[in-house]
Amino acid sequence: MKTTEYHSLDTLNATAIKELQPIGEKILAGKRINFNEGVLLFEKGSLPFLGALANYVREQKHGDKTYFNRNFHIEPTNICVFSCKFCAYSRLYAHREEGWELSMEQMLDIVKSYDGKPVTEVHIVGGVHPKMDLAFFTTLLKAIKAHRPDLHIKAFTPVELDYMFRKAKVSVEEGMQIAHEAGLDSLPGGGAEIFHPEIRTQICADKVDAEGWLHIHKTAHQLGMHTNATMLYGHIEQYWHRIDHMERLRQLQNETGGFNTFIPLKFRNKDNDMSNVPESTIVEDLKMYALARLYLDNFAHIKAYWPMLGRKNAQLTLQFGVNDIDGTIDDSTKIYSMAGSEEQNPSMSTADLVTLIKQVNRQPVERDTLYNEIRDYSNLSYDAIVANPLLN
Ligand code: V47
Ligand code: SF4
């Protein structure tokens with residue numbers, strides 16, 4: 001077994017971080033790192049080195065604050081015209097008896113089941129169903145808003161929107177205007193995968209490309225909407241593809257400032273056409289979060305999606321640049337459980353989420369979708385939260 005020999009602290013410094021020290025100093029001075037520096041950090045940065053830097057940046061931006069929100073998910077269907085190789089969740093229309101298709105009434109019933117509950121957001125994302133078109137979804141958006149006007153609707157990835165707009169024969173600008181006027185408040189981050197065509201053509205060749213994805217987000221930003229961005233990492237891509245992905249996001253963010261959050265999504269390999277590709281280790285996962293925090297200096301927030309990572313790992317990410325751990329969610333999210341995540345029924349109460357954050361000495365703060373702070377839970381005990389129907 002290979003062991004590292006450390007003769008003194010000085011040797012430790014010299015061997016482990018000499019090459020990376022100027023990059024570290026740049027970060028500590030608040031300067032932006034470039035593409036090559038990002039790749040070098042991935043290739044040569046040790047986890048403690050990257051973690052210390054990412055934690056520094058996180059604390060500069062947010063102190064100990066760790067955000068979560070109270071939301072629920074609706075997945076209208078898993079029928080999909082596309083066949084992304086990593087997707088364990090979708091079924092082709094020809095095999096629709098193996099999948100699900102929620103009717104308008106069923107989706108409204110889900111919304112109504114949260115009546116009186118203090119959720120602030122509904123997250124709606126699913127497969128690309130050939131019959132659920134722009135007219136269907138604008139009717140849904142209007143019906144949700146009519147029932148609960150204060151609920152923030154974060155819905156549809158550019159993959160779904162691009163298909164809807166093309167089918168309705170409207171431009172991206174017209175389509176986004178229609179959807180926004182019907183009640184669409186913001187866009188989630190999905191469908192981004194890996195932007196670079198060298199990888200994208202191998203894992204999801206037939207859906208919207210990088211330029212199309214970025215154009216839809218840019219159009220949303222120009223309408224005053226905020227959006228998220230994701231990256232599906234830890235499969236066949238190399239480090240430079242990840243940096244390329246983040247570079248494209250950083251450039252658009254420079255232009256519009258419309259992104260709220262970046263969410264690295266760890267590839268899970270169960271029951272899909274990439275099951276032969278091993279999953280990344282927790283060390284790689286934490287490096288990814290740290291690099292996201294370091295490279296995306298113009299993104300306010302880095303989010304860990306706990307249903308995919310598991311609760312204990314989500315706690316760890318809070319030391320590696322992450323300042324948001326999504327929401328309470330509900331057990332209807334299937335895209336990860338079907339691809340093998342630990343969380344088969346991803347649901348956590350507010351009291352559980354707050355405990356998870358407090359256990360690692362961070363400050364739990366409930367936010368809305370746009371990061372307006374709703375409540376600081378630092379001084380509320382588990383029992384006090386559980387006892388208060390407005391909080392749990
Ligand atoms: O785009 C699909 C990913 C995404 C797998 O904006 C997989 O707040 C891992 O974007 N292994 C959709 N990931 C989900 C998404 C999302 C999730 C949580 C919060 C937000 C937000 C957005 O799920 C897809 C794809 O990248 N995905 N299959 C898989 N096997
Ligand atoms: Fe369809 Fe989305 Fe699955 Fe791709 S990832 S096959 S677009 S549901």
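All of these numbers come straight from a predicted model, not from anything done at the bench.

As for the pattern of salt bridges
One pass over the full model with this rule turns up 24 salt bridges. The closest approach of N and O atoms between Lys303 and Asp326, which form a salt bridge, is 2.7 Å. Linking Lys303 in the loop between strand 8 (301-302) and helix 13 (306-309) with Asp326 in strand 9 (residues 324-327), this pair joins segments that are 23 residues apart in sequence. Pair check on accessibility: Lys303 and Asp326 agree, each one buried. Each member of the salt-bridge network shares a partner with another, and the members are Glu59, Asp64 and Arg362.

Let's talk about the layout of surface pockets
By volume, the second largest pocket amounts to about 210 Å³. Forming the walls of the second largest pocket are Ile27, Leu28, Gly30, Lys31, Tyr56, Val57, Gln60, Lys61, Arg293, Leu294 and Asp297. Put simply, the parts of the chain that give the lining of the second largest pocket at least two residues each are helix 2 (21-28), helix 4 (47-62) and helix 12 (282-295). Per-element accounting of the lining of the second largest pocket gives the leading share, four residues, to helix 4. Taken together, the residues of the lining of the second largest pocket sort by class into five nonpolar, two polar and four charged. Looking at the lining of the second largest pocket, you find at least three residues from each of domain 1 (3-62) and domain 2 (67-387).

Thoughts on the site of ligand 1
With respect to spatial proximity, 23 residues lie near ligand 1, and among them Lys154, Gly189, Gly190, Gly191 and Glu193 are the closest. A distance of 2.8 Å separates an oxygen atom of ligand 1 from a polar side-chain atom of Lys154. Contacts to ligand 1 include Arg268, whose backbone N or O atom sits 2.9 Å from a nitrogen atom. The protein chains hide 96% of the 620 Å² of surface that ligand 1 would expose on its own. Mapped by element, the contributors of at least two residues to the shell around ligand 1 are strand 6 (226-233) and strand 7 (259-266).

Considering the site of ligand 2
Surveying the vicinity of ligand 2 reveals the residues Cys80, Phe82, Cys84, Phe86, Cys87, Tyr89, Ser90, Gly127, Val159 and Lys207. Looking at the shell around ligand 2 residue by residue, the classes come out as seven nonpolar, two polar and one charged.

Description of helix 7 (residues 158-168)
Three or four residues apart is the spacing at which side chains of an α-helix point the same way, because the helix has 3.6 residues per turn. Within helix 7, eight of the 11 residues are buried, which leaves the element mostly enclosed by the surrounding structure. Taken together, the buried positions of helix 7 are Pro158, Val159, Glu160, Leu161, Asp162, Tyr163, Met164 and Phe165. Buried residues belonging to helix 7 abut helix 6 (134-147), helix 8 (172-182), strand 5 (186-187) and helix 10 (210-222). Just downstream of helix 7, Lys169 is the residue with a positive phi angle, here 55°.

A look at the sheet that holds strand 11 (residues 373-376)
Taken in spatial order, the four strands line up as 9-1-10-11 in an open sheet, and their pairing is mixed. Single-partner strands in this sheet number two, and they are strand 9 and strand 11. Recorded for the sheet is a direction-independent mean angle of 30° between the axes of neighbouring strands. Here three bridges tie strand 10 (residues 363-367) to strand 11, and the two strands are oriented antiparallel to one another. In the strand pairing of strand 11, Arg367 is matched with Glu373. Most of the contacts of helix 15 (residues 350-359) go to strand 1 (residues 65-69), to which it runs at about 160°, and overall it touches strand 1, strand 9 and strand 10.

What counts, and at which threshold
- Residues numbered from 1 in each chain as written.
- Chains lettered and ligands numbered in written order.
- Predicted model: local features only at pLDDT ≥ 70, side-chain atom pairs only at ≥ 80, totals over all residues.
- Heavy atoms only, no water.
- Salt bridge = Lys/Arg side-chain N within 4 Å of Asp/Glu carboxyl O.
- Helix = DSSP H or I, 4+ residues; strand = E, 2+ residues; numbered from the N terminus.
- Buried < 20%, exposed > 50% of the residue type's maximum accessible area, 1.4 Å probe, protein only.
- 1 Å grid on protein atoms, 1.4 Å probe; cavity = no way out; pocket = protein on both sides within 12 Å on 5 of 7 lines; lining within 4 Å.
- Points joined across faces, edges and corners; volume = space filled by probe spheres on them.
- Nonpolar A, V, L, I, M, F, W, Y, C, P; charged D, E, K, R; others polar.
- Domains from an automatic or database assignment.
- Near = heavy atom within 4 Å.
- Polar contact = N/O pair within 3.5 Å; in protein donor to acceptor, adjacent residues only side chain to side chain.
- Areas by Shrake-Rupley, 256 points an atom, 1.4 Å probe, with all protein chains shown as cover.
- Contact = heavy atoms within 4.5 Å.
- Pairing = 2+ DSSP bridges.
- Axes fitted to C-alpha atoms, helices over the stretch in contact; angles between N-to-C directions.

These figures capture arrangement, not role.
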